[in-house]
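Coordinate analysis (summary)
Each chain, letter by letter, is given below.
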Amino acid sequence: MFVKRLFALACVCAALGAVAQQSAQPAQPLTAMPYSPSLDLTNMDKSVDPCVDFYKYACGGWIKNNPIPADQASWSVYAKLATENQQFLWGILEEDAKMTNRTPVQQKVGDYFESCMNTAAIDAAGDKPILPGLAKIDALKTRAQVIAALSSLHHEYGGAFFFGAGTGQDSVDSSLMIVELGSGGLGLPDRDYYLKTDAKSVRLREQYVAYIEQLLQLTGESAEQAKADATATLKIETALATASLTRVQRRDPHATYHMMTVAELQKLAPSINWEMFFKVQGAPGVAKLNVSQPEFVKAVESELTTEDVAALRGYLRFHLVTAAAGSLAHPFEQANFDFFSKTLRGVPAMPPRWKTCTRAVDRSLGEALGQEFVARTFTAETKARTRLMTEQIETAMQHEIENLDWMSPETKTEALRKLHAIRNKIGYPDKWRDYSTLEVKRDDYAGNTMRSFRFAQARQWNKLGKPVDLNEWGMTPPTVNAYFNPQMNDINFPAGVLQPPLYDPKLDDAPNYGQTGATIGHELTHAFDDEGRQFDAKGNLRDWWTPTDAKSFEERINCVRDQYAGYTIVDDIHIQSKLTIGEDVADLGGTLLAYIAWKKETAGQTLTSVDGFTPDQRFWVGMAQWACENDRPENLRVSAMTNPHSPGFARINGVVSNIPQFQQAFGCKAGQPMVHTPTCKVW
Ligand SMILES: [Zn+2]
């Protein structure tokens, strides 16, 4: 689905895929969250020299003891906690599905879950839920009819039909909600998949075509017809991919900002009646909009006016079916899993149904289910403690900025203004999203999915012309992740990420500042990374840097870029550090800020060694243990192309090798791998 923002939210970790737990016994719902400490000696491998490979020293035990479950593409401390959160939600949902005298929220989440768990009914329905959509596409006989139908397809179905359309904050005036038209229309995870010529990429495209054929045959198409449609789909998508900006290009907010009138858009792509298109989406009378990639829109126009009508129909059919496949009968779901999880990411087994369904409720009714989660897991004390930690880290950032030797007083004034304007959002929204107009039926999973999609779409389009809702969250409360939003100028930490082993109320400050403190510092530093620094205190795209300061900043981030480009992800694929630089800078700056805040918080206290580790060593081991992970090589190849985060080992070793306080704590000497030369420091 189209991401409403033109660039992804800058978050602390990669989006987690399906999550699971592997054990001999079938999993059961959890009635309480399990506890693991935020510093765990069994996660370490003390046979490794911390000055040679600190990541392995801190995480070697975890890596050995936590093989990747069969239904996972990768496994990490974050993924494991996310699974526990899910398993806990599973218990809540089972209860909400069964009990009587339910609140409206319990009815919605309980019935949604129940409809998803009822695989007998889902299988019996076969492809029935998408038949009206397919009939509509089959009835399109002329080019004009195909093009006109794009409006209602976008409005009614969640498919990637040629381009993305939605709403978002105006980059230049963040107080305004505007229409955005973006690239889209692809089935594979990145444009590069269509353009690379190495053997693995060529083979993957063949497998993708086979998937399209398989899916279309499941809807009753003949083998011959399905082959023709699959070939046409790949051809159209390749043309769209060629015209799309790369992920690295999209990191430049100026490159994706092209305000124009609807009349100007009409000239760019004359075959679509844009006024009608926006009216059908529920936004009549749109005057101006951001066309993020004008060259891409031209390619859409070219495809719509030159491809055979039959080819266009085949493309639309596939995108309708693949978007719905996960909520249809088993053969559709299996085909979808086999390609996107097994082939693409190397995952051997489908997740158990309860995981699929818990995720589905979180996706569609996240702030309804989130209320249930928060009430049971997130204490007022944790909220108060983590809020205080956030404020201390902001104070550390203030002192860092004030003392920078490379920044002029003018730029410092603007930087501090921005820092002080950042809003801290901890745990969950002050006001919950209202789902009362969304109908949820206990026996209609596909219908629930469709209605949720339309509810979410209507909610987005409805924002036009209204003030920006500063209370809004981009992640649901149980999510194990965090983010900074440059246009809202806020940092957001869902309740799901503020739990053991990441935030541990039972342990002392050293591992907590090392882990959660570094996460808070990470999000805060995003406000001043290569992308975030281009937005001001109001969240507007405005250059507040003197040219000399901007140059000094660039020199500093180039140091980090060069360092990370040297790390290998898998095979001979290196980190694409032009893509990961924002995250790498956030990791480096955020960790240092957490360390400074911890030192200040504990100043005057007599800290003692525990288990043979000095207080400083405990800070650093705790800091590293959030990042322990195992990954399948297939998934690493996807990550190398699409993930703006570096792999775990680089996120730890890349950071500590630039921090003298770490090197002192472990006695690392110049020339050892954990002492990077030169020392990179941005913030
Ligand atoms: Zn981040």
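Before going into details, it helps to say that this report is about the structure given with it. (Residues numbered from 1 in each chain as written. Predicted model: local features only at pLDDT ≥ 70, side-chain atom pairs only at ≥ 80, totals over all residues. Heavy atoms only, no water.)

1. Looking at the nonpolar core
Counting 118 residues, the largest nonpolar core has Phe54, Leu365, Phe528, Trp620, Phe662, Phe666 and Trp683 as the members making the most contacts within it. Not counting chain neighbours up to four residues away, the residues in contact with Phe666 comprise Pro50, Cys51, Phe54, Tyr57, Gln617, Trp620 and Val621. Listed in part, the 68 residues of the second largest apolar core include Phe163, Ala165, Trp274 and Ala329. (Core = buried A, V, L, I, M, F, W, Y, C linked by side-chain atoms within 4.5 Å. Buried < 20%, exposed > 50% of the residue type's maximum accessible area, 1.4 Å probe, protein only. Contact = heavy atoms within 4.5 Å.)

2. Here we look at the state of the cysteines
By definition, a disulfide links two cysteine residues through a covalent bond between their sulfur atoms. Tallying each qualifying case throughout the model produces four disulfides. Disulfide partner of Cys59: Cys628, at an S-S distance of 2.1 Å. On the sign convention where negative means left-handed, the S-S torsion of about -75° between Cys59 and Cys628 marks this disulfide as left-handed. Separated by 569 residues along the polypeptide, Cys59 in helix H1 (residues 54-65) and Cys628 in the loop between helix H23 (615-624) and strand S12 (629-631) bring together distant segments of the chain. Across this residue pair, the class does not change: Cys59 and Cys628 are buried. (Disulfide = S-S within 2.5 Å. Helix = DSSP H or I, 4+ residues; strand = E, 2+ residues; numbered from the N terminus.)

3. Overview of the packing of aromatic side chains
Under the defined criterion, the tally for this structure stands at 42 aromatic pairs. Measuring from ring centre to ring centre gives 6.2 Å for Phe553 and Trp683, while their planes differ by 50°; the resulting arrangement is tilted. Here the residue Phe553 occupies a position in helix H21 (residues 547-565), and Trp683 occupies one in the segment after helix H26 (660-666), the gap between them amounting to 130 residues. We note that Phe553, like Trp683, is buried. (Phe/Tyr/Trp six-rings, centres within 6.5 Å; stacked < 30°, edge-to-face > 60°.)

4. Concerning the sheet that holds strand S4 (residues 177-182)
Pairing within the open sheet is mixed, and its four strands lie in the order S3-S4-S6-S5. Each edge of the open sheet is held by one strand with a lone partner, namely strand S3 (164-169) and strand S5 (259-261). Going from strand to strand, the sheet's axes swing by 40° on average, the running direction of each strand aside. (Pairing = 2+ DSSP bridges. Axes fitted to C-alpha atoms, helices over the stretch in contact; angles between N-to-C directions.)

5. Some words on the pattern of salt bridges
In the structure shown here, the tally under the stated rule is 33 salt bridges. Its salt-bridge partner being Glu206, residue Arg203 comes within 3.3 Å of it at the nearest N-O pair. Of this pair, Arg203 and Glu206 both sit in helix H8 (residues 199-218), three residues apart, which is roughly one turn of that helix. Of the charged contacts, one joins Glu472 and Arg433 as a salt bridge, the two residues approaching to 3.5 Å between their closest N and O atoms. Placement of Glu472 in the loop between helix H19 (445-461) and strand S8 (483-485) and of Arg433 in the loop between strand S7 (423-427) and H19 is noted, with a sequence separation of 39 residues between them. (Salt bridge = Lys/Arg side-chain N within 4 Å of Asp/Glu carboxyl O.)

6. Here's the deal with the pairing of strand S6 (residues 288-291)
As a general feature of sheets, a regular strand has side chains that alternate between the two faces. As defined by bridge partners, S4 adjoins S6 across three bridges and the pair is classed as parallel. Of the residues in S6, the one forming a bridge with Val179 is Leu289. For S5 and S6, the ladder comprises three bridges, and the chain directions are antiparallel. Bridged to Met260 within S6 is Leu289.

7. Brief notes about helix H2 (residues 77-98)
Over its 22 residues, H2 extends 32 Å from the first C-alpha to the last, a length consistent with the 32 Å expected when each residue adds 1.5 Å. Most of H2 sits out of view: 18 of its 22 residues are buried. (Expected span 1.5 Å × (residues − 1).)

8. Examining the packing of H2 against helix H3 (residues 104-117)
Running from amino to carboxyl end, H2 crosses H3 at an angle of 100°, the nearest separation of the two axes being 8 Å. By the angle between their directions, the pair H2 and H3 is classed as roughly perpendicular. Along the contact surface, H2 presents Trp90, Leu93, Glu94, Asp96 and Ala97, while H3 presents Gln106, Val109, Gly110, Phe113 and Glu114. Split by residue class, the contact of H2 with H3 holds five nonpolar, two polar and three charged. (Parallel < 35°, antiparallel > 145°, perpendicular 65-115°, else oblique. Nonpolar A, V, L, I, M, F, W, Y, C, P; charged D, E, K, R; others polar.)

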